[in-house]
Amino acid sequence: MASYNVVFKPSVERDLRSLPKTVVARILKQIEVLRKNPFPRHPVKLVGAEQLYRIRVGEYRVVYAIDKEGQASSRSLSQVKKP
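As the structure is a prediction and not an experimental result, all values here were calculated from the model. (Residues numbered from 1 in each chain as written. Predicted model: local features only at pLDDT ≥ 70, side-chain atom pairs only at ≥ 80, totals over all residues. Heavy atoms only, no water.)

Novice: Just give me the short version of helix α2 (residues 21–36), but keep the residues and values in it.
Specialist: Its 16 residues give α2 an end-to-end C-alpha distance of 23 Å, which sits within 8% of 22 Å, the value for a rise of 1.5 Å per residue. Among the residues of α2, those classed as buried are V23, V24, I27, I31 and L34. Down the axis of α2, the buried set is contained in an arc of 95 degrees. They therefore lie on one face. Opposite its buried face, α2 presents the exposed residues K21, T22, K29 and K36, each directed more than 90 degrees away. (Helix = DSSP H or I, 4+ residues; strand = E, 2+ residues; numbered from the N terminus. Expected span 1.5 Å × (residues − 1). Buried < 20%, exposed > 50% of the residue type's maximum accessible area, 1.4 Å probe, protein only. Arc of directions from axis to C-beta.)

Novice: Describe in detail the confidence of the model for the protein, supporting the description with residues and values.
Specialist: When pLDDT is low, close inspection of the predicted coordinates is not appropriate. Summing up the model confidence of the protein, the mean pLDDT is 75 and the portion of residues at 70 or higher is 78%. This stretch, residues 70–77, has a pLDDT under 50; its non-local contacts, to residues over four places away or in other chains, come to 29 contacts. (pLDDT = per-residue confidence, 0-100. Contact = heavy atoms within 4.5 Å.)

Novice: Requested: an account of helix α1 (residues 10–17), with residues and values cited.
Specialist: Among all positions of α1, only S11, V12 and L16 are buried. Buried residues of α1, viewed axially, fall in a sector of 135 degrees; they line one side. When the buried face of α1 is taken as reference, the exposed residues oriented beyond 90 degrees from it are P10, R14 and R17.

Novice: Explain the environment of L34 to me, and be specific about the residues and the numbers.
Specialist: Along the chain, the position of L34 falls in helix α2. Assessed through its relative accessible area of 1%, L34 is described here as buried. Each C-alpha atom, one on L34 and one on S3, is 8.9 Å from the other, the two residues being 31 residues apart in sequence. With near-sequence residues (within four places) excluded, L34 lies in contact with P40, I55, V62 and Y64.

And the structure:
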């Protein structure tokens with residue numbers, strides 16, 4: 001199985017800097033899982049968006065898009081938001 005590239009929006013980096021390091025570690029671990037498998041067991045497809053999904057990491061949500069063009073060159077876009 002090919003792995004996907006993960007590309008962060010600048011706002012994600014700002015969000016991550018404001019969080020405790022333990023939370024950041026958990027979020028980055030889940031994003032690494034998305035890199036290998038962008039369709040984990042319980043992703044939620046966002047209504048009104050063609051390729052946006054979200055997963056929960058504790059009290060945070062990771063919102064990501066999947067570009068399915070070419071397996072190795074596909075990208076996931078991750079964004080962290082507090083619910």
